[in-house]
Amino acid sequence: MSGRITVDEAAVLWREASDEELQRLAQEVRNRWHQPDRATYMVMRIINYTNVCVAQCDYCAFYVLPNQEGGYVLSRDEVFAKIDELVELGGDLVGFNGGFNPRLPLDYYADLFAAVRERYGDRVEFYALTIAEFVYLADRAGLSHAEAAARLRDAGVHWITGGGSEILTEDFRSRHAKFKYTVREYFEAQRAIVESGMKTTATMVIGFDETLEERLEHLQRTRDFQDGCLADGYDGLFSFLCWTYKPYGTALGGREISPREYWRHMALSRIFLDNVKHFRTSVLTQNEEAFRALDYGADDFDLPLEDEVTQKAGARIELDLEALLAVPRRLGYRVEYRRAERPAALAS
Ligand code: SF4
(Lines give C-alpha, C1' and ligand atoms only; values in the text may rest on other atoms or scores of the structure.)
Protein backbone atom coordinates (compact mmCIF):
# COMPACT_ATOMS: atom_id res chain seq x y z
CA MET A 1 0.00 0.00 0.00
CA SER A 2 1.48 3.37 -0.91
CA GLY A 3 0.20 6.63 0.50
CA ARG A 4 -2.82 7.16 2.69
CA ILE A 5 -6.36 6.17 2.01
CA THR A 6 -9.36 8.46 1.61
CA VAL A 7 -12.69 8.11 3.37
CA ASP A 8 -14.19 6.67 0.17
CA GLU A 9 -11.41 4.08 -0.12
CA ALA A 10 -11.85 3.20 3.55
CA ALA A 11 -15.56 2.60 2.96
CA VAL A 12 -14.75 0.25 0.09
CA LEU A 13 -12.21 -1.61 2.22
CA TRP A 14 -14.74 -1.98 5.03
CA ARG A 15 -17.39 -3.40 2.73
CA GLU A 16 -15.25 -5.54 0.45
CA ALA A 17 -11.89 -6.48 1.97
CA SER A 18 -11.44 -9.91 3.51
CA ASP A 19 -10.24 -10.21 7.10
CA GLU A 20 -6.86 -11.36 5.79
CA GLU A 21 -6.51 -8.35 3.54
CA LEU A 22 -7.38 -5.92 6.34
CA GLN A 23 -4.87 -7.66 8.60
CA ARG A 24 -2.13 -7.46 5.98
CA LEU A 25 -2.66 -3.75 5.28
CA ALA A 26 -2.94 -2.89 8.98
CA GLN A 27 0.23 -4.81 9.84
CA GLU A 28 2.02 -2.94 7.06
CA VAL A 29 1.27 0.36 8.84
CA ARG A 30 2.01 -1.14 12.29
CA ASN A 31 5.40 -2.38 11.12
CA ARG A 32 6.52 1.17 10.30
CA TRP A 33 6.91 1.74 14.05
CA HIS A 34 6.85 -1.59 15.84
CA GLN A 35 8.51 -4.98 15.71
CA PRO A 36 5.99 -7.40 14.22
CA ASP A 37 6.06 -9.85 17.14
CA ARG A 38 6.27 -7.37 20.02
CA ALA A 39 3.37 -5.96 22.02
CA THR A 40 3.50 -3.70 25.07
CA TYR A 41 1.12 -3.34 27.98
CA MET A 42 0.43 -1.46 31.20
CA VAL A 43 -1.37 -2.45 34.40
CA MET A 44 -3.81 0.28 35.33
CA ARG A 45 -6.75 1.14 37.48
CA ILE A 46 -9.43 3.62 36.63
CA ILE A 47 -10.54 5.54 39.70
CA ASN A 48 -14.09 6.77 39.32
CA TYR A 49 -13.92 9.55 41.87
CA THR A 50 -17.55 10.62 41.50
CA ASN A 51 -20.61 9.21 39.78
CA VAL A 52 -22.62 12.43 40.03
CA CYS A 53 -23.11 13.86 36.57
CA VAL A 54 -25.35 16.36 34.82
CA ALA A 55 -24.45 15.38 31.24
CA GLN A 56 -27.10 12.62 30.99
CA CYS A 57 -25.60 10.72 28.04
CA ASP A 58 -28.12 8.08 27.01
CA TYR A 59 -25.45 5.35 26.58
CA CYS A 60 -24.23 5.69 30.20
CA ALA A 61 -25.20 3.31 33.02
CA PHE A 62 -22.86 4.91 35.54
CA TYR A 63 -24.14 8.33 36.49
CA VAL A 64 -26.68 9.62 39.00
CA LEU A 65 -28.00 13.17 38.98
CA PRO A 66 -27.14 15.60 41.81
CA ASN A 67 -29.37 14.92 44.86
CA GLN A 68 -30.35 11.50 43.54
CA GLU A 69 -29.78 8.53 45.82
CA GLY A 70 -26.50 6.67 45.38
CA GLY A 71 -24.29 9.59 44.41
CA TYR A 72 -20.75 9.63 45.82
CA VAL A 73 -17.46 11.49 45.82
CA LEU A 74 -14.42 9.52 46.95
CA SER A 75 -12.39 10.98 49.78
CA ARG A 76 -8.72 11.59 49.28
CA ASP A 77 -7.93 8.65 51.58
CA GLU A 78 -10.10 6.39 49.44
CA VAL A 79 -8.26 7.57 46.33
CA PHE A 80 -4.87 6.92 47.96
CA ALA A 81 -6.00 3.47 49.13
CA LYS A 82 -6.95 2.54 45.58
CA ILE A 83 -3.59 3.72 44.25
CA ASP A 84 -1.71 1.85 47.00
CA GLU A 85 -3.56 -1.33 46.06
CA LEU A 86 -2.66 -0.85 42.39
CA VAL A 87 1.01 -0.45 43.29
CA GLU A 88 0.89 -3.61 45.41
CA LEU A 89 -0.47 -5.50 42.41
CA GLY A 90 2.39 -4.27 40.23
CA GLY A 91 0.66 -1.45 38.36
CA ASP A 92 1.75 2.14 38.01
CA LEU A 93 -0.93 3.90 35.95
CA VAL A 94 -4.14 5.46 37.23
CA GLY A 95 -6.89 6.93 35.10
CA PHE A 96 -9.18 9.36 36.89
CA ASN A 97 -12.63 9.40 35.37
CA GLY A 98 -15.89 10.64 36.78
CA GLY A 99 -18.99 12.61 36.02
CA PHE A 100 -19.69 16.28 35.47
CA ASN A 101 -20.27 16.99 39.16
CA PRO A 102 -21.35 20.63 39.63
CA ARG A 103 -20.15 20.58 43.26
CA LEU A 104 -16.53 19.91 42.31
CA PRO A 105 -14.73 22.95 40.88
CA LEU A 106 -11.46 22.95 38.97
CA ASP A 107 -9.57 23.77 42.18
CA TYR A 108 -10.78 20.51 43.73
CA TYR A 109 -9.08 18.63 40.90
CA ALA A 110 -5.93 20.71 40.92
CA ASP A 111 -5.56 20.08 44.68
CA LEU A 112 -6.27 16.37 44.33
CA PHE A 113 -3.75 15.91 41.50
CA ALA A 114 -1.12 17.95 43.31
CA ALA A 115 -1.61 15.70 46.36
CA VAL A 116 -1.27 12.55 44.25
CA ARG A 117 1.89 13.88 42.60
CA GLU A 118 3.35 14.86 45.96
CA ARG A 119 2.64 11.47 47.53
CA TYR A 120 3.74 9.24 44.65
CA GLY A 121 6.15 11.41 42.64
CA ASP A 122 6.99 9.70 39.37
CA ARG A 123 6.42 6.19 40.78
CA VAL A 124 2.82 6.38 39.62
CA GLU A 125 1.63 8.14 36.49
CA PHE A 126 -1.94 9.26 36.09
CA TYR A 127 -4.33 10.25 33.37
CA ALA A 128 -5.85 13.19 35.21
CA LEU A 129 -9.07 13.70 33.32
CA THR A 130 -10.68 13.00 30.01
CA ILE A 131 -11.14 15.85 27.57
CA ALA A 132 -14.88 15.67 28.22
CA GLU A 133 -14.38 16.46 31.92
CA PHE A 134 -11.73 19.04 31.09
CA VAL A 135 -14.09 20.98 28.80
CA TYR A 136 -16.78 20.99 31.49
CA LEU A 137 -14.42 22.14 34.26
CA ALA A 138 -12.83 24.91 32.21
CA ASP A 139 -16.26 26.18 31.28
CA ARG A 140 -17.49 26.12 34.90
CA ALA A 141 -14.36 27.96 36.05
CA GLY A 142 -14.81 30.62 33.37
CA LEU A 143 -11.33 29.87 32.03
CA SER A 144 -10.11 29.40 28.48
CA HIS A 145 -8.91 25.91 27.63
CA ALA A 146 -5.34 27.22 27.64
CA GLU A 147 -5.75 28.72 31.12
CA ALA A 148 -7.34 25.55 32.53
CA ALA A 149 -4.62 23.40 30.97
CA ALA A 150 -1.91 25.58 32.53
CA ARG A 151 -3.61 25.34 35.95
CA LEU A 152 -3.62 21.54 35.83
CA ARG A 153 -0.12 21.25 34.37
CA ASP A 154 1.21 23.46 37.16
CA ALA A 155 -0.48 21.14 39.69
CA GLY A 156 1.62 18.24 38.39
CA VAL A 157 -0.60 16.78 35.66
CA HIS A 158 1.18 15.20 32.68
CA TRP A 159 -1.69 13.57 30.81
CA ILE A 160 -5.27 14.44 29.88
CA THR A 161 -6.56 11.70 27.64
CA GLY A 162 -8.91 11.93 24.69
CA GLY A 163 -11.47 9.86 26.62
CA GLY A 164 -15.16 10.56 26.40
CA SER A 165 -15.00 11.02 22.64
CA GLU A 166 -17.25 8.09 21.63
CA ILE A 167 -18.09 9.18 18.07
CA LEU A 168 -16.92 12.65 17.06
CA THR A 169 -19.66 13.93 14.79
CA GLU A 170 -22.01 16.76 15.73
CA ASP A 171 -24.99 14.63 14.79
CA PHE A 172 -23.97 11.78 17.11
CA ARG A 173 -23.36 14.26 19.92
CA SER A 174 -26.82 15.79 19.60
CA ARG A 175 -28.48 12.36 19.34
CA HIS A 176 -26.89 10.92 22.46
CA ALA A 177 -24.91 13.42 24.52
CA LYS A 178 -26.13 16.89 23.82
CA PHE A 179 -24.99 18.35 27.14
CA LYS A 180 -21.45 16.99 26.95
CA TYR A 181 -19.49 19.12 24.42
CA THR A 182 -19.48 19.94 20.74
CA VAL A 183 -16.93 18.38 18.41
CA ARG A 184 -15.42 21.81 17.89
CA GLU A 185 -14.97 22.29 21.64
CA TYR A 186 -13.41 18.83 21.92
CA PHE A 187 -10.66 19.52 19.41
CA GLU A 188 -10.07 23.09 20.62
CA ALA A 189 -9.54 21.74 24.13
CA GLN A 190 -7.28 18.98 22.87
CA ARG A 191 -5.17 21.46 20.98
CA ALA A 192 -4.80 23.58 24.13
CA ILE A 193 -3.64 20.50 26.02
CA VAL A 194 -1.04 19.75 23.34
CA GLU A 195 0.19 23.35 23.38
CA SER A 196 0.44 23.33 27.18
CA GLY A 197 3.11 20.63 27.00
CA MET A 198 0.94 17.86 28.48
CA LYS A 199 0.29 14.65 26.59
CA THR A 200 -2.98 13.44 25.17
CA THR A 201 -4.44 10.53 23.24
CA ALA A 202 -7.17 9.71 20.76
CA THR A 203 -10.05 7.42 21.66
CA MET A 204 -13.16 6.08 19.97
CA VAL A 205 -16.07 3.90 21.01
CA ILE A 206 -18.08 1.92 18.48
CA GLY A 207 -21.22 -0.16 18.62
CA PHE A 208 -23.95 2.39 19.39
CA ASP A 209 -26.15 3.25 16.40
CA GLU A 210 -23.44 5.11 14.50
CA THR A 211 -23.20 4.71 10.74
CA LEU A 212 -20.09 3.74 8.78
CA GLU A 213 -19.94 7.34 7.56
CA GLU A 214 -19.87 8.58 11.15
CA ARG A 215 -17.07 6.20 12.07
CA LEU A 216 -15.07 7.42 9.11
CA GLU A 217 -15.78 11.07 9.91
CA HIS A 218 -14.40 10.44 13.40
CA LEU A 219 -11.23 8.96 11.91
CA GLN A 220 -10.89 11.78 9.38
CA ARG A 221 -11.21 14.46 12.07
CA THR A 222 -8.65 12.65 14.22
CA ARG A 223 -6.18 12.32 11.34
CA ASP A 224 -6.63 15.99 10.42
CA PHE A 225 -6.06 17.03 14.03
CA GLN A 226 -2.86 15.01 14.20
CA ASP A 227 -1.64 16.37 10.87
CA GLY A 228 -2.10 19.89 12.25
CA CYS A 229 -0.15 19.08 15.44
CA LEU A 230 2.72 17.48 13.55
CA ALA A 231 2.88 20.36 11.05
CA ASP A 232 3.25 22.78 13.97
CA GLY A 233 6.04 20.81 15.60
CA TYR A 234 4.05 19.02 18.35
CA ASP A 235 3.97 15.27 18.99
CA GLY A 236 0.18 15.44 19.18
CA LEU A 237 -1.66 12.21 19.85
CA PHE A 238 0.37 9.54 21.64
CA SER A 239 -2.00 6.71 20.85
CA PHE A 240 -5.39 5.66 19.55
CA LEU A 241 -7.56 3.46 21.76
CA CYS A 242 -10.85 2.05 20.56
CA TRP A 243 -13.31 0.18 22.74
CA THR A 244 -16.84 -1.08 22.33
CA TYR A 245 -20.13 0.11 23.76
CA LYS A 246 -21.60 -1.94 26.59
CA PRO A 247 -25.39 -1.58 26.42
CA TYR A 248 -26.55 -3.13 29.71
CA GLY A 249 -28.41 -0.84 32.10
CA THR A 250 -28.31 2.14 29.75
CA ALA A 251 -31.24 4.22 28.47
CA LEU A 252 -30.06 3.62 24.91
CA GLY A 253 -29.89 -0.15 25.22
CA GLY A 254 -28.98 -2.17 22.13
CA ARG A 255 -26.68 -5.14 21.53
CA GLU A 256 -22.95 -5.63 21.63
CA ILE A 257 -21.07 -5.83 18.34
CA SER A 258 -19.12 -8.98 17.57
CA PRO A 259 -15.39 -9.31 18.26
CA ARG A 260 -14.84 -9.71 14.51
CA GLU A 261 -16.43 -6.33 13.81
CA TYR A 262 -14.17 -4.82 16.45
CA TRP A 263 -11.03 -6.39 14.94
CA ARG A 264 -11.97 -5.23 11.46
CA HIS A 265 -12.60 -1.73 12.72
CA MET A 266 -9.23 -1.71 14.48
CA ALA A 267 -7.56 -2.71 11.23
CA LEU A 268 -9.38 -0.08 9.22
CA SER A 269 -8.49 2.58 11.80
CA ARG A 270 -4.84 1.49 11.82
CA ILE A 271 -4.72 1.78 8.04
CA PHE A 272 -6.46 5.16 8.02
CA LEU A 273 -4.67 6.79 10.98
CA ASP A 274 -1.21 6.50 9.53
CA ASN A 275 0.09 9.38 11.65
CA VAL A 276 -0.53 7.97 15.16
CA LYS A 277 2.17 5.67 16.51
CA HIS A 278 0.46 3.49 19.11
CA PHE A 279 -2.73 1.50 18.63
CA ARG A 280 -4.27 0.16 21.79
CA THR A 281 -6.74 -2.69 21.99
CA SER A 282 -9.38 -2.76 24.75
CA VAL A 283 -9.09 -5.67 27.18
CA LEU A 284 -11.61 -3.81 29.37
CA THR A 285 -14.47 -4.28 26.90
CA GLN A 286 -13.30 -7.23 24.77
CA ASN A 287 -11.52 -9.39 27.39
CA GLU A 288 -9.50 -12.22 25.81
CA GLU A 289 -10.90 -11.36 22.37
CA ALA A 290 -9.03 -8.04 22.51
CA PHE A 291 -5.71 -9.75 21.86
CA ARG A 292 -6.67 -10.86 18.36
CA ALA A 293 -6.62 -7.15 17.48
CA LEU A 294 -2.82 -7.41 17.70
CA ASP A 295 -3.11 -9.27 14.39
CA TYR A 296 -5.16 -6.36 13.07
CA GLY A 297 -2.68 -3.57 13.70
CA ALA A 298 -2.74 -2.99 17.47
CA ASP A 299 0.58 -2.92 19.36
CA ASP A 300 -0.38 -2.07 22.94
CA PHE A 301 -3.00 -2.69 25.64
CA ASP A 302 -3.92 -2.08 29.28
CA LEU A 303 -4.67 -4.73 31.85
CA PRO A 304 -7.32 -2.91 33.90
CA LEU A 305 -8.06 -3.70 37.55
CA GLU A 306 -11.20 -1.59 37.85
CA ASP A 307 -13.51 0.70 35.91
CA GLU A 308 -16.96 1.21 37.36
CA VAL A 309 -18.23 3.09 34.27
CA THR A 310 -17.92 0.11 31.93
CA GLN A 311 -18.49 -2.49 34.64
CA LYS A 312 -21.89 -0.96 35.40
CA ALA A 313 -22.76 -1.36 31.70
CA GLY A 314 -21.66 -5.01 31.60
CA ALA A 315 -17.84 -5.11 31.36
CA ARG A 316 -16.16 -8.05 33.14
CA ILE A 317 -12.70 -7.62 34.62
CA GLU A 318 -10.25 -10.53 34.87
CA LEU A 319 -7.72 -10.13 37.68
CA ASP A 320 -5.54 -13.12 36.83
CA LEU A 321 -3.05 -11.08 34.84
CA GLU A 322 -0.77 -14.00 34.01
CA ALA A 323 -3.69 -15.91 32.51
CA LEU A 324 -4.53 -12.88 30.39
CA LEU A 325 -0.93 -12.42 29.22
CA ALA A 326 -0.80 -16.06 28.18
CA VAL A 327 -3.31 -15.26 25.42
CA PRO A 328 -1.13 -12.87 23.36
CA ARG A 329 1.84 -15.14 24.02
CA ARG A 330 -0.10 -18.03 22.47
CA LEU A 331 -0.74 -15.77 19.47
CA GLY A 332 3.02 -15.44 19.05
CA TYR A 333 3.71 -12.05 20.66
CA ARG A 334 6.49 -11.11 23.05
CA VAL A 335 4.68 -9.00 25.62
CA GLU A 336 6.62 -6.34 27.50
CA TYR A 337 5.56 -4.04 30.30
CA ARG A 338 5.93 -0.34 29.59
CA ARG A 339 5.71 2.70 31.84
CA ALA A 340 3.71 5.80 30.97
CA GLU A 341 5.99 8.37 29.41
CA ARG A 342 6.60 11.73 30.99
CA PRO A 343 6.07 14.51 28.43
CA ALA A 344 9.43 15.79 27.15
CA ALA A 345 8.19 19.38 27.57
CA LEU A 346 7.66 18.78 31.31
CA ALA A 347 10.89 16.88 31.99
CA SER A 348 12.49 18.05 35.23
S1 SF4 B 1 -20.67 9.15 29.99
FE2 SF4 B 1 -19.61 10.53 31.44
S3 SF4 B 1 -20.41 12.56 30.92
FE4 SF4 B 1 -21.87 11.08 30.04
S5 SF4 B 1 -23.42 10.74 31.64
FE6 SF4 B 1 -21.85 9.16 31.93
S7 SF4 B 1 -20.47 10.02 33.46
FE8 SF4 B 1 -21.67 11.73 32.62
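Structure first, text after, so check above.
All residue numbers refer to position in the chain's written sequence, counted from 1. Reporting in this predicted model follows two pLDDT cut-offs: at least 70 for local features of residues, and 80 or more for side-chain atom pairs to be given and counted; totals over whole chains, interfaces and linings ignore these cut-offs and use all residues. Note that the side-chain values use all heavy atoms of the structure and ignore hydrogens as well as water.

1. Concerning the packing of aromatic side chains
How two aromatic rings sit relative to each other is set out by the distance from centre to centre and by the angle between their planes.
Thought 1: Geometry of aromatic contacts follows a simple scheme: Phe, Tyr and Trp rings, the Trp one being its six-membered ring, pair when their centres are within 6.5 Å, and the pair is stacked under 30 degrees between planes, edge-to-face over 60, tilted otherwise. Enumeration according to the criterion identifies 22 aromatic pairs in this entry.
Thought 2: Site record: aromatic cluster; members linked through ring pairs are Y49, F96, Y108, Y109, F113 and F126.
Thought 3: By definition here, charges over rings are those cases where NZ of Lys or CZ of Arg is within 6 Å of the ring centre and within 35 degrees of the ring normal. Across from the ring centre of W14, 5.5 Å away, lies the NZ or CZ of R264, which sits over that ring.

2. Remarks on the site of the ligand
Thought 1: When at least one non-hydrogen atom of a residue lies within 4 Å of a molecule or strand, that residue is treated as near it. Lining the immediate surroundings of the ligand are C53, A55, Q56, C57, C60, F62, Y63, G99, F100 and K180.
Thought 2: Three residue categories are used. Nonpolar comprises Ala, Val, Leu, Ile, Met, Phe, Trp, Tyr, Cys and Pro, charged comprises Asp, Glu, Lys and Arg, and polar comprises the others, including Gly. The residue inventory of the shell around the ligand, partitioned by class, reads 7 nonpolar, 2 polar and 1 charged.

3. Quick word on the side chain of H218
Thought 1: By the criteria applied, helices consist of DSSP H or I runs no shorter than four residues and strands consist of E runs no shorter than two, each listed in order from the N terminus. The residue H218 is located in helix α9 (residues 212–231) in this model.
Thought 2: Only protein chains enter the accessibility calculation, which uses a 1.4 Å probe; a residue whose area is less than 20% of its type maximum is buried, one above 50% is exposed, and one in between is partly exposed. Classification of H218 by relative accessible area gives buried; the value is 0%.
Thought 3: The term polar contact refers here to a pair of N or O atoms within 3.5 Å; inside protein, the definition further demands a hydrogen-donor-capable atom paired with an acceptor-capable atom, and it admits residues adjacent in sequence only when both atoms are side-chain atoms. At 3.0 Å, the side chain of H218 and the backbone oxygen of T203 are in polar contact.
Thought 4: Among residues more than four places away in sequence, those in contact with H218 are S165, E166, I167, L168, T203 and M204. Between two residues, a contact is recorded if the distance between any of their heavy atoms is within 4.5 Å.

4. A short note on the pattern of salt bridges
Thought 1: One side-chain nitrogen of Lys or Arg within 4 Å of one carboxyl oxygen of Asp or Glu is enough to make a salt bridge. Scanning all chains against the criterion turns up 33 salt bridges.
Thought 2: Among the ionic pairs, R175 bridges to D209, the shortest N-O distance being 3.1 Å. Of this pair, R175 sits in helix α7 (residues 170–176) while D209 is found in the loop between β5 (200–206) and α9, placing the two residues 34 residues apart along the sequence.
Thought 3: When its relative accessible area of 39% is taken as the criterion, D209 is described as partly exposed.
Thought 4: D300 is paired through a salt bridge with R280; the nearest N and O atoms lie 2.6 Å apart. In this pair, D300 is assigned in strand β8 (residues 300–304) and R280 in strand β7 (residues 278–281), connecting sequence segments 20 residues apart.

5. Description of the pairing of β5
Thought 1: With respect to burial, β5 is a largely interior element, 7 of its 7 residues being buried.
Thought 2: Here β5 runs beside strand β6 (residues 237–244); their pairing, made up of 6 bridges, is parallel. Directly across from I206, in β6, lies its bridge partner T244.
Thought 3: By convention, orient the strands away from the viewer: a clockwise path from the first strand over the helix to the second makes the crossover right-handed. Read from β5 through α9 to β6, the crossover connection turns out right-handed. DSSP bridges decide pairing: two strands pair if at least two such bridges lie between them.

6. Focus on the pairing of strand β3 (residues 125–130)
Thought 1: Counting buried positions along β3 gives 6 out of 6 residues, so the element sits mostly inside the fold.
Thought 2: Taken together, the 3 bridges between strand β2 (residues 93–96) and β3 define a ladder with parallel strand orientation. Bridging across to β3, V94 finds its partner in F126.
Thought 3: At this point the chain moves from β2, through helix α4 (residues 106–120), to the parallel β3, and the crossover so formed is right-handed.
Thought 4: For β3 and strand β4 (residues 159–161), the ladder comprises 2 bridges, and the chain directions are parallel. Bridging from a neighbouring strand, T130 pairs with T161 of β4.

7. Let's talk about the side chain of D295
Thought 1: Within the element layout of this structure, D295 appears in the loop between α11 (283–286) and β8.
Thought 2: Its relative accessible area of 16% is what places D295 among the buried residues.
Thought 3: Residues contacting D295, with those up to four places away along its chain left out, are Q23, Q27, L331 and Y333.

8. Examining the environment of I317
Thought 1: Mapping I317 onto the fold places it in the loop between α12 (308–312) and α13 (321–330).
Thought 2: In this structure the C-alpha to C-alpha distance between I317 and L305, which are 12 residues apart in sequence, comes to 6.7 Å.
Thought 3: Setting aside chain neighbours within four positions, we find I317 in contact with L284, P304, L305, E306, D307 and Q311.

9. Description of the packing of helix α1 (residues 7–16) against helix α10 (residues 259–272)
Thought 1: Working convention: axes come from line fits to C-alpha atoms, limited for helices to the stretch in contact. Angles between N-to-C directions cover 0 to 180 degrees. Packing of α1 against α10 brings their axes to within 11 Å, and their N-to-C directions diverge by 150°. When the axis of α1 is compared with that of α10, the two are roughly antiparallel. Every pair of crossing elements has a handedness; the one defined by α1 and α10 is right-handed. Listed contacts from α10 to V7, A10, L13 and W14 of α1 are E261, R264, H265, L268, I271 and F272.
Thought 2: Of the residues that constitute the contact of α1 with α10, the class distribution is 7 nonpolar, 1 polar and 2 charged. Should an angle fall under 35 degrees it is taken as roughly parallel, and over 145 as roughly antiparallel, whereas 65 to 115 is taken as roughly perpendicular and any remaining angle as oblique. Here a crossing is called left-handed whenever its near helix is offset anticlockwise from the far helix by less than a right angle, and right-handed whenever the offset is clockwise.

10. Overview of α9
Every α-helical turn comprises 3.6 residues, leaving residues that sit three or four positions apart pointing alike.
Thought 1: Multiplying 1.5 Å by the residue count of a helix minus one yields the expected span of that helix. Between its terminal C-alpha atoms α9 stretches 28 Å, which fits the 28 Å expected from 20 residues at 1.5 Å a residue.
Thought 2: Listed in full, the buried residues belonging to α9 are L212, E214, R215, L216, H218, L219, T222, R223, F225, Q226 and C229.
Thought 3: In this structure, the buried residues of α9 make contact with α1, α7, α8 (183–196), β5, β6 and α10.
Thought 4: Phi turns positive one or two residues past the end of α9, at G233, with a value near 90°.

11. Things to note about the nonpolar core
Thought 1: Counting 106 residues, the largest nonpolar core has F96, F113, L129 and L303 as the members making the most contacts within it.
Thought 2: Note on terminology: a nonpolar core comprises buried Ala, Val, Leu, Ile, Met, Phe, Trp, Tyr and Cys residues joined through side-chain atoms within 4.5 Å. Counting residues in hydrophobic clusters, the runner-up holds 8 residues, among them M42, M44, W159 and A340.

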